[in-house]
Every structure is written in structure tokens, then in C-alpha cells.
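This is what each chain is made of:
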Protein chains: 2
Amino acid sequence: MNIGEIARRAGVSRSTVSYAISGKRTVSEATRRRIQHVIDELDYRPNANARALKEGRTRTIGLVIPPASRRLTDMQLDFVAAVVDAAAHADLDVLLSPSGGDHDRSFERVVTGRRVDGVILMEIRLEDARVGRLQQAGLPFVGIGRTSHPDGMWWVDIDYTALIAKCVNHLADLGHRHVALINRSAELVAAGYGPAHRALAGFKEAIRRRGITGVDYCCADDSAAGEACLQQILREHPEVTAAATINEAALPGIQRALESAGLTVPGDFSVTGVAASHWAENFRPQLTAADVPALDMGAHAVSLLTECISDPDAAPKHLLLTPPISLRGSTGPARR
Amino acid sequence: MNIGEIARRAGVSRSTVSYAISGKRTVSEATRRRIQHVIDELDYRPNANARALKEGRTRTIGLVIPPASRRLTDMQLDFVAAVVDAAAHADLDVLLSPSGGDHDRSFERVVTGRRVDGVILMEIRLEDARVGRLQQAGLPFVGIGRTSHPDGMWWVDIDYTALIAKCVNHLADLGHRHVALINRSAELVAAGYGPAHRALAGFKEAIRRRGITGVDYCCADDSAAGEACLQQILREHPEVTAAATINEAALPGIQRALESAGLTVPGDFSVTGVAASHWAENFRPQLTAADVPALDMGAHAVSLLTECISDPDAAPKHLLLTPPISLRGSTGPARR
DNA sequence: TTGTAGGCGTTATCAT
DNA sequence: ATGATAACGCCTACAA
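Described in the following lines is the structure provided in the data block. Since the model is a prediction, treat every value here as computed from it, not as a measurement.

What about the sheet that holds strand β12 (residues 325-326) of chain B?
All names here are of chain B.
- One open sheet holds the six strands; their spatial order is β7-β6-β8-β9-β10-β12, and the pairing between them is mixed. This sheet does not close on itself; its edge strands, each paired only once, are β7 (213-217) and β12.
- As judged from the two bridges shared by strand β10 (residues 288-291) and β12, these two strands associate in the antiparallel manner. Note that in β12 the partner of Ala 289 across the bridge is Ser 326.
- Relative to β7, helix α10 (residues 194-210) is tilted by about 165°, and along the sheet it contacts β6 (178-182) and β7.

Here's what the structure looks like:
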């Protein structure tokens, strides 16, 4: 079922059908209706590939996600959902590419196959070969996250440094003198994962500023690790009275460890951090935390990408978000 | 950068370049090397769209997911991840379409735009217009889930009827005489969501068989609803000593309600059901449950789809899984 | 062993 | 207001 068949049945030329569909030139009402009738009857839709070939653009964006083998965190999933929804809203299709390492067939296909007009890249490392690859290929892209030298690229990101510093300040204001940072996994830190490094930097700086002591721990992205991690903190640093975390998947485990240690929140121990609101609200009491506006960020990423596609030579734009910390019930004055 | 440019620079014809790449006819070692050299130098890759247009197939599959506005459950996310990974493994790209209702632009684009060779459809209702739409379009597709008349389609599904019956039997064997089913949301039931209806059917049938009493409740897909739901059960049916659920997102709330009611698991109250192992293992004590093999199912769906694409006229194949119930710690003898 | 040419389905530039 | 025709980039029968 192609445009020629429609043209034949409607007794017109292919170009007339094309124009009748696109409306890019006037078609007499009579023939327009005749054509539309045939189209409806045969349920014809233009072949998107042929159109893309001719027009030089695909109306499709690529979304590079971490491979599923590593279970995605809720926040990552929120990003994916947000991007997909925002793209659908803009009548863009989304081609998914699960790609972890530096070299990956799926990623290469997306980058070099001219199947997408642009790419949204998630889980960017401080040094990320994929960024270079995309730049070299001249493919417009927007990062959800940024490298250590982010000036030359488009991105949206969360200011983990500032947010964790805010958390520490909040705890210090409440009289806590010994606080812990529960970071993401050691593997991610070793891989140069930006949020982990930036959160740590913000933590250390705030600790120094406030003249309090801090310990930081890596923790895998699951509740069992969270439980073990908090137990370890309580064991190795019994003086610690509060923790800040960017590891939302560890929260249920943190909660369990506190319960089984007989510590109440926030009476005996305060917890705060950066998390999707969904996780924060599932903590008991609900978590005082900076709510990551994942939906907004995904939408922003799509909108930046369309902008960057339509004008690839424009100066890169950035969006560094510092969402407010929602005061809920998990932080309180330090126990004496 | 197209094949003609490569040909020009290598001093050969375009067809020779094409054959050098595909290997579908012999090319002298000398020219092959010369061509490869130019390709490497310019980092040329064939335009996937042009290739798809010529070959009549896209090496891409569509994955129709629920819209993100409704937050995806963990199980759904596992399916998505599994499908994407399995597809990447088979060198297939995945085009995502978030589509809820019967009519949706994104879905229509996927179905009629000839951008995909086949489709994997998630969250199928007992009566699902999208199934008819795909059949009418003649596009190969595989359901993760099935309609009420599933013979004419390819699908993989979980036998919720059998699994919930098994759960009830297990509880009855332990001496429970009054059990509850915590189902998915009333909206999903009203929409004819298969698992909810089939689980309810299995529940009622098993109740009848064992001569015990059962109550069933709908519950939204979040922990707050789970908490409220279990509280309601305890209030309205204090005789109930056990619950089975297919609503994994409700589990944390169920746990909280039991704790605040002062009930221990499994001493005072048993809990079982169907859940992703990840949720089951996060329950305390860990949940005796049928673990949904989402990864396997996703992989199976992709493999069925490739089969169905390569032979669209083959008789539809099905896969109805009844994963074993993993005995963990959340079920025990009924309290007296 | 290599080159020529036609066509996949569309859109856009001419021309009528 | 409409038609013929030439691309878009690739693959592949046919010819040499």
C-alpha cells in the first residue's frame, strides 16, 4: 500500500496525493475529498522510512540507557518514562539503546545508522567516551547528567554538590556533629559516575565549612546493601547521629537497619538526602529530601534536544537544577 | 557521507562498495582493502533507513508500553528491560511507544508507519482494541499477556489463575479458613485487565474447592493503598488470617499495616502471592511467592516475535508459565 | 572481478 | 490545480 496505489485509485498523480496529505500546496476540495476517501478506505499511512530518507530527518530520537542487566534505579526509570512521554507529546518516536561500556553495537547503530535525529544520553560519567563519539559523529545530543568538562555539550543535571551540602547544613543546624554520607556503589565511583563524585565533593566541603566530622560510605543500589551499610556505620562510627544519601534504593534497608538497632527516626537518628519523591514518601517517617524532578528533567531534555536539532550550531544550553529540600519527618535535633 | 562518496574515493562503483560490505559477492582482496580503508577513514556506516526501504524490513521491533503517567510497576519495568536486552542481543533495535487507550498517535505511527517489523504488546486487556488493530494491519506481534480469546494471537503469559489457586491451597493446607485476595486497582479491574480477573477467578475457585471463606479487595498500585487496604480488611474481616496478592507495589504498605496492627508475620498473619523476586525478597520475613520470571518472559517474547516475523503464516504459539512458588518465611500455620 | 541501471516510497521542483 | 520527474541512499539482477 503505497502512495502510487492511492494515486492510481483516486485517478490523480502521486504528487497530488502527497500534497493532499501534507497540505503544502492547494488541492481542489473535490480531489482532496476523493483522495481522502481512498486513503480511509485502504487505511493508508505514508512509509516513515521513505519519508525519512527523502526529508533527511527521522522524527525519532535515540535514548541511551544503562543495560538492563544492571537493574535500573527508580530515578533512571523516571527519566526514561519522562523522556518517552515528552517525546510522544512532541510526536517524536524513541529508539532505545541499552549501552553500558564504551563500545556497543546497539549504541553504534544509533549513532551511525542515521536512524535518529538526536540522542539523549543517560548515566554520563565524568569521562565518557560516548560523549566524544557523539560529538565526532556530529549527532545532536543532550545529556541527562554531564561530564567533568561539560561546557561543549547540552545537558540537564541536578546539582548534587549543592544539594548534599544543603543536607549537611540542615543537619548541622539541627545540632548534628557527626554525619555520614551513604553514596552510590563503589563500582560507580570507580567508573567516575558524576553524581557520586559530586555528592562526595559537596559533602566534604560542607563538613569542612561547618566544622563537623563526616564519614562517607559506598553502598550498592539495593536495600540489602543499605541495611549492611548502615549497620557498618553504626558499628564503626557509633558517634554518627545522622546520614545523608543519594542512594534511594538503599533506603528500605537503611530503615530496617535503624529499626533492628532500636533507633527511632528522627529521635535517635536523622536521615536525609536526594531521592525521587516516591521513595521519600515511602520512608517512615517520610524522608526530608530534595525531590529529584525527574519528569521535568526528561521533558527539558527533550525540549533542549529539539532545539539543538533544529539549530546544531547554537551555543550549548545547560540546565542545572537545585530542587528545594522538602521538609518531612525524618530529620530532627541531634540526640545528646 | 553515502556509498557513492565511498565509491568515488575508492575509485570503484557503488555496487562494488556495497558488495565489499555485505560480502554477497566476491571482491578482489586489493579493492576490498582499498574500500575498507576509505570506509575507516571517513567512518562510514550505511544509512539504516535507506537499507530498510530497499530490503523491506527494518530490523526494529516496537514495544508498546503503558504511558508513563501511570507509573510503571516493577514487573512491567522488568519486562521492558528484558525485551530491550533480548532485542539488543539479537541486533534488533527497539522503538518505544507509550500508549494507553485504544487510540493514540504514537501507537498508530508504530502500527502503520512501517517502521518496525513486529510489535511486542504489554498490558493487554481481556478485550483489547490494539490487538484487533495489529491483526487488521497484518503486523506480526506478540503479547506479554493475552486477551480473553487468545487463540489467534502469539503470546507469553503467566497463569495467574493457577498461581493464586496454588497460594490459596498452600494457605488452606496451613489451616487458614479465612483468607483475603488483595487484587490490583479497581480501575484495572473495570478496564478488563487480564491478570486481575484471572487471579480473582482462581481465588474464588480455590476457595470453593477448599470450602473456606474468602474476601477480595481491589487496591491501587502503591504502598499507601496497600496499607489502607490491609487495615480495611482487618477492620471489616477480623477473622481473616492470611492474604494472597498480585499487587507487589502494595507490599510495603501491607507490611506497615501489619506492623502497626501489632501482627507478626507469619505468626499472626500469613502473606503470599505473585511478585517479582525483588519485591518478595524485600518483604520481612521474605515473601513466600511465585516469582514472575520477567526476564525469561521478555526474552521469550522477543524470540517468538522473530519467529513470527520470519513466518507470519505459522500457527500462533503460546507460552503459559506457572513458575513455582518459592517457599520463604511469610506463611505459616493459622493462628488459633 | 567489476560496472550499469532500476527500484524501494516519498517529497519537491519543475512544467503545464 | 495538477502531472511528470528527479532525487534521497541503498541493494541487487543483469551485463560485461
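Describing the packing of aromatic side chains
- In this structure the tally under the stated criterion is zero aromatic pairs over all chains.
- The ring of Trp155(A) is capped by Arg146(A), whose NZ or CZ atom sits 5.0 Å from the centre of that ring.

Looking at the protein's contact with DNA strand D
- The environment of DNA strand D is formed by 27 residues, the closest being Arg25(A), Thr26(A), Ile3(B), Tyr44(B) and Arg51(B).
- Take the atoms of DNA strand D that sit within 4 Å of the protein: sugar and phosphate atoms are 52% of them.
- Ile3(B) places a main-chain nitrogen or oxygen 2.3 Å from a phosphate oxygen of DNA strand D.
- At 3.0 Å from a phosphate oxygen of DNA strand D is found a main-chain nitrogen or oxygen belonging to Asn47(B).
- The set of elements that each furnish at least two residues to the surface near DNA strand D consists of α2 (14-22) and α4 (48-55) of chain A together with α2 (14-22) and α4 (48-55) of chain B.
- Element by element, the count of residues in the surface near DNA strand D is highest for α2(B), at four residues.

Looking at the interface of chain A and chain B
- Listed by partner, the interface residues are 47 residues for chain A and 47 residues for chain B.
- Buried area between chain A and chain B, both sides added, is near 4200 Å², and the carbon and sulfur share of it is 42%.
- If you look at where chain A meets chain B, you find 13 salt bridges.
- For Arg109(A), the salt bridge identified is with Asp93(B), shortest N-O distance 3.0 Å.
- Where chain A packs against chain B, one counts 22 residue pairs in polar contact (both at pLDDT 80 or more).
- Every element with two or more residues in the side of chain A that touches chain B is listed here: α4, α5 (74-89), β2 (93-98), α6 (105-112), α7 (129-137) and α11 (223-236) of chain A.

Regarding the relation of the copies chain A and chain B
- The two copies are related by a screw motion: chain A maps onto chain B through a turn of 180° and a shift of 0.0 Å along the axis, at an RMSD of 0.2 Å. Both copies of the chain, as the preceding transformation shows, are related through a two-fold rotation axis. It is Leu95(A) whose C-alpha, among those of chain A, lies nearest the rotation axis, at 2.3 Å.
- Of all interface residues in chain A, 100% are interface residues in chain B too; the two copies therefore contact each other through one and the same surface.

Rules used in this analysis
Residues numbered from 1 in each chain as written. Chains lettered and ligands numbered in written order. Predicted model: local features only at pLDDT ≥ 70, side-chain atom pairs only at ≥ 80, totals over all residues. Heavy atoms only, no water. Pairing = 2+ DSSP bridges. Helix = DSSP H or I, 4+ residues; strand = E, 2+ residues; numbered from the N terminus. Contact = heavy atoms within 4.5 Å. Axes fitted to C-alpha atoms, helices over the stretch in contact; angles between N-to-C directions. Phe/Tyr/Trp six-rings, centres within 6.5 Å; stacked < 30°, edge-to-face > 60°. Lys NZ or Arg CZ within 6 Å of the ring centre and 35° of its normal. Near = heavy atom within 4 Å. Polar contact = N/O pair within 3.5 Å; in protein donor to acceptor, adjacent residues only side chain to side chain. Buried area = accessible area lost by both parts, 1.4 Å probe. Salt bridge = Lys/Arg side-chain N within 4 Å of Asp/Glu carboxyl O. Least-squares fit on C-alpha atoms with pLDDT ≥ 70 in both.

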